[in-house]
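Coordinate analysis (summary)
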Amino acid sequence: MHYATIKNNDIANGPGVRVSLFVSGCTHRCPGCFNEEAWDFQYGEPFTQDTIDYILGLLAAPHIKGLTLLGGEPFEPQNQPEVVNLLRQVKETYPEKSVWAFSGYLFDQDILSGSLGAWEITDEFLSYLDVLVDGPFIAAKKDLTLRFRGSSNQRLIDVPASRKENKIVLWEDWQGNGRSIK
Ligand code: SF4
């Protein structure tokens, strides 16, 4: 896998201050994509154990709430094994930090169908996720007022609750309302 960028103080892609990893490679080719250069799977730098160690170091800062995966497409079959290898180490080291991912694939129709490579890898990927923002960016549905989303078709999915209840459960920001944000 290759990656385009790592941001160490991202406040736009999930709650709190986060580390963000933009992986390379995406086959969706959404018109109006904000990140066309990352469609190429070879774009950017090789993703190595040194990269993982660097991310683990960034996550150590107490003000960092968690890690967000974007792209490119983290759920492309050729990207999933490396992403899972990263998340396994992140969760072992920082079980309390949240993990968000953005995908152009749909959670129910594409990801849960098991058609994106080996299901055991996809299943492990999902087991580490707190929130998935799913669906392609659709320029006609672009809405700058949406929090953590580019277009109104995209959903903020509470992955643990959805897997437990076997239906789509949307993530809600319960800040100050009894439940801590993820
Ligand atoms: S899924 Fe994301 S990175 Fe891929 S083409 Fe669509 S907007 Fe661009």
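Residues numbered from 1 in each chain as written. Predicted model: local features only at pLDDT ≥ 70, side-chain atom pairs only at ≥ 80, totals over all residues. Heavy atoms only, no water.

Further remarks concern the sheet that holds strand S1 (residues 2-10). Across the sheet, which stays open at both edges, the seven strands sit in the order S3-S1-S2-S4-S5-S6-S7 with mixed pairing between neighbours. Looking along the sheet, the strands with just one partner apiece sit at the ends: strand S3 (45-46) and strand S7 (155-158). Alignment of strand S6 (residues 131-134) against S7, held across four bridges, turns out to be antiparallel. Following the sheet pairing, Val131 is matched in S7 by Asp158. The strands that helix H2 (residues 80-93) touches are strand S2 (17-23), strand S4 (64-70) and strand S5 (98-102); relative to S4, the one it contacts most, it runs at about 170°. (Pairing = 2+ DSSP bridges. Helix = DSSP H or I, 4+ residues; strand = E, 2+ residues; numbered from the N terminus. Contact = heavy atoms within 4.5 Å. Axes fitted to C-alpha atoms, helices over the stretch in contact; angles between N-to-C directions.)

On to the pairing of S4. Of all seven residues that make up S4, six are buried, and the element is covered over most of its length. Pairing analysis gives six bridges linking S2 to S4, with the strands arranged parallel. Looking across to S4, one finds that Arg18 is bridged to Gly66. Two elements, S4 and S5, share four bridges in a ladder whose sense is parallel. Bridge assignment links Leu67 to a residue of S5, and that residue is Val99. As for the winding sense of the linkage, the β-α-β connection from S4 through H2 to S5 is right-handed. (Buried < 20%, exposed > 50% of the residue type's maximum accessible area, 1.4 Å probe, protein only. Right-handed = clockwise from strand over helix to strand, strands pointing away.)

Now for the site of the ligand. Taken together, the residues surrounding the ligand are Cys26, His28, Arg29, Cys30, Cys33, Trp39, Gly72, Gly104 and Phe137. More than half of the atoms of the ligand fall within 2 Å of the grid points belonging to the largest pocket. Here the shell around the ligand is built from residues that sort into five nonpolar, three polar and one charged. (Near = heavy atom within 4 Å. 1 Å grid on protein atoms, 1.4 Å probe; cavity = no way out; pocket = protein on both sides within 12 Å on 5 of 7 lines; lining within 4 Å. Sits in = over half its atoms within 2 Å of the grid points. Nonpolar A, V, L, I, M, F, W, Y, C, P; charged D, E, K, R; others polar.)

Given two aromatic rings, one states the distance between the centres and the angle between the planes to describe the pair. Counted under the stated rule, the structure contains five aromatic pairs. Ring geometry for Trp100 versus Phe148: centroids 5.3 Å apart, planes at 80°, classification edge-to-face. Placement of the pair is Trp100 in strand S5 and Phe148 in the loop between S6 and S7, with a sequence separation of 48 residues. Here Phe148 falls in the buried class, since its relative accessible area comes to 9%. Between Trp100 and Trp171 the ring centres are 4.9 Å apart and the planes differ by 80°, which places this aromatic pair in the edge-to-face class. With Trp100 in strand S5 and Trp171 in the segment after helix H5 (159-165), this residue pair connects regions lying 71 residues apart in the sequence. As far as the burial class goes, Trp100 and Trp171 line up, both buried. By way of ring pairs, the aromatic residues Trp100, Phe148 and Trp171 are connected into one cluster. The aromatic ring of Tyr94 is capped on one face by Lys97, whose charged end is 5.6 Å from the ring centroid. (Phe/Tyr/Trp six-rings, centres within 6.5 Å; stacked < 30°, edge-to-face > 60°. Lys NZ or Arg CZ within 6 Å of the ring centre and 35° of its normal.)

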